[in-house]
Amino acid sequence: MKSWVIGNWKLNPASLNEVQALVDDLVDGVNTQSSALEACHIMVAPSLLHLAKVDATLRSTRIKLACQDVSALSATSGAYTGDVSAEQLQDLGVQWAIIGHSERRQYFNEQNAILLKKMLNCASQGVGVILCIGESEADFEAGSTTQVLGEQLTVVADFLQQLDAVEADDYIAHKLMIAYEPVWAIGTGKVPSVEEVTTVHQFIRERLQSFNSTLAATPIIYGGSVKPDNAQDFAASEQINGVLVGGAALKADSFIDIAKAFSK
């Protein structure tokens, strides 16, 4: 299985010029070091405003494009001011959508019912889903990590129940991945050990397989204060199929260094 290294740019950079400089540096770096990155899928998720700009540069490259969110209200079009649909994303060239990020859960109170609608909308348009799950620091300290993650993962079982069997098998085989991001590690510099993440990923994989055996091959990636100096440690675990990178993705050199670690 190829690793996945995904850069979530969040609400960054602030200007189009900075966006273009970042994506140009990224393309140059990937092209220059292509042989060292062959075993790795590379993807970036710019802010919605910058998707078209980034897509125009990436279309002739191997770098994939994701959106940081998608509408739960419509898969196509409608009177939903401020939303963007899966059909609109697919038409632009966006291949994946990040769903359920802890910041969306925290600031917009997104729960499984909303996430299910987003997943179904993406599936109807052939857009892949990167489903984020993760526990708070209080949950972690209380030893409730697997309980919280188990509840968050039930949306996958609900999702499969609403797709026909053939459609479900094809979609989950190619267009679904799980990103485990402990909320207490995102942007804080607090990093769980590789052993801790490996154990959690094993739990996630077992839970997914209980829903459908095809999910045994679902990529499970890690996110939370990932940097070049710890990427190689995470890459050494067979249970960690890649990373979702925040701050370190805003500099092409550091992002490519992380990708190189997961290509070895």
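Right above here is the structure, for reference.
Residues numbered from 1 in each chain as written. Predicted model: local features only at pLDDT ≥ 70, side-chain atom pairs only at ≥ 80, totals over all residues. Heavy atoms only, no water.

Student: Residues and numbers for the packing of aromatic side chains, please.
Tutor: Under the counting rule described, the total for this entry stands at five aromatic pairs. Note on tyrosine 180 and tyrosine 222: the rings are 6.3 Å apart at their centroids and 50° apart in plane angle, and the pair reads as tilted. Of this pair, tyrosine 180 sits in strand β6 (residues 176-180) while tyrosine 222 sits in strand β7 (residues 220-223), and the two are 42 residues apart along the sequence. Here tyrosine 180 and tyrosine 222 have matching classes, each one buried. Connected via pairs of aromatic rings, a cluster forms that spans Tyr180, Tyr222 and Phe234. Sitting above the plane of the phenylalanine 108 ring, arginine 104 keeps its charged end 3.9 Å from the centroid. (Phe/Tyr/Trp six-rings, centres within 6.5 Å; stacked < 30°, edge-to-face > 60°. Helix = DSSP H or I, 4+ residues; strand = E, 2+ residues; numbered from the N terminus. Buried < 20%, exposed > 50% of the residue type's maximum accessible area, 1.4 Å probe, protein only. Lys NZ or Arg CZ within 6 Å of the ring centre and 35° of its normal.)

Student: Break down the side chain of histidine 201 for me, with residues and values.
Tutor: By secondary structure assignment, the location of histidine 201 is in helix α9 (residues 194-211). Contacts of histidine 201, omitting those with residues within four sequence positions, involve Tyr180, Ile220, Ile221, Tyr222, Gln239 and Ile240. (Contact = heavy atoms within 4.5 Å.)

Student: Describe the pairing of β7, naming the residues involved and giving the relevant values.
Tutor: Because side chains alternate across β7, one face comprises the buried residues Ile220 and Tyr222, and the other comprises Ile221 and Gly223, equally buried. Across three bridges, β6 lies against β7 in parallel orientation. Across the sheet, isoleucine 178 pairs through a bridge with isoleucine 220, a residue of β7. Regarding topology, α9 serves as the crossover connection from β6 to the parallel β7, and that connection is right-handed. The pairing of β7 with strand β8 (residues 242-245) spans two bridges and is classified as parallel. Looking across to β8, one finds that glycine 223 is bridged to leucine 244. Crossover β7 to β8 through helix α10 (residues 228-235) is right-handed. (Pairing = 2+ DSSP bridges. Right-handed = clockwise from strand over helix to strand, strands pointing away.)

Student: How would you explain the side chain of threonine 57 if you had to name every residue and give the values?
Tutor: Counting through the fold element by element, threonine 57 comes out in helix α2 (residues 51-58). In this structure the side chain of threonine 57 is engaged in a polar contact, spanning 3.0 Å, whose partner is the side chain of glutamine 20. Non-local contacts of threonine 57, meaning those with residues more than four positions away in its chain, are made with Gln20, Val23, Asp24 and Val27. (Polar contact = N/O pair within 3.5 Å; in protein donor to acceptor, adjacent residues only side chain to side chain.)

Student: An account of a negative patch on the surface is requested, with residue identities and associated values reported.
Tutor: A contiguous patch of negative charge, built from Asp24, Asp25, Asp28, Asp253 and Asp257, is present on the exposed surface. Listed by contribution, the elements that provide at least two residues to the negative patch are α1 (16-32) and α11 (252-261). Counting residues per element, the negative patch draws most heavily on α1, which supplies three residues. Locating aspartate 253 in the fold gives a position in helix α11. Residue aspartate 253 is classed as exposed on the basis of its relative accessible area of 62%. (Patch = residues over 30% accessible without salt bridge, like charges linked within 9 Å, V, L, I, M, F, W, Y side chains within 5 Å. Areas by Shrake-Rupley, 256 points an atom, 1.4 Å probe, with all protein chains shown as cover. Salt bridge = Lys/Arg side-chain N within 4 Å of Asp/Glu carboxyl O. Lys, Arg positive; Asp, Glu negative; His and termini not counted. Charge placed at Lys NZ, Arg CZ, Asp CG, Glu CD.)

Student: So what's going on with the packing of α1 against α11? Residues and values would help.
Tutor: Put simply, α1 and α11 touch, their axes get as near as 9 Å, and they point 40° apart. Here α1 lies oblique to α11, going by the angle between them. In terms of crossing hand, the pair formed by α1 and α11 is right-handed. Facing α1, whose interface residues are Leu22, Asp25, Leu26, Gly29 and Val30, α11 presents Ala252, Phe255 and Ile256. Here the contact of α1 with α11 is built from residues that sort into six nonpolar, one polar and one charged. (Axes fitted to C-alpha atoms, helices over the stretch in contact; angles between N-to-C directions. Parallel < 35°, antiparallel > 145°, perpendicular 65-115°, else oblique. Left-handed = near helix turned anticlockwise from the far one by under 90°. Nonpolar A, V, L, I, M, F, W, Y, C, P; charged D, E, K, R; others polar.)

Student: Which residues make up unusual backbone geometry, and what are the values?
Tutor: Following asparagine 12, the chain continues to proline 13 via a peptide bond in cis, the omega torsion being -20°. Among the secondary structure elements, proline 13 is positioned in the loop between β1 (3-8) and α1. Although it is not a glycine, asparagine 109 adopts a positive phi angle of roughly 55°. Tracing the chain through its elements places asparagine 109 in the loop between α4 (102-108) and α5 (112-125).

Student: An account of the sheet that holds strand β5 (residues 128-133) is requested, with residue identities and associated values reported.
Tutor: With parallel pairing, the eight strands of this closed barrel are ordered in space as β1-β2-β3-β4-β5-β6-β7-β8. Strand-to-strand, the axes of this sheet are offset by a mean angle of 25°, without reference to chain direction. Judged from the two bridges that link them, strand β3 (residues 64-67) and strand β4 (residues 96-99) form a sheet pairing that is parallel. Looking at β4, one finds that alanine 66 is bridged to tryptophan 96. Packed onto the sheet, α5 meets β4, β5 and β6 and runs at close to 175° relative to β4.

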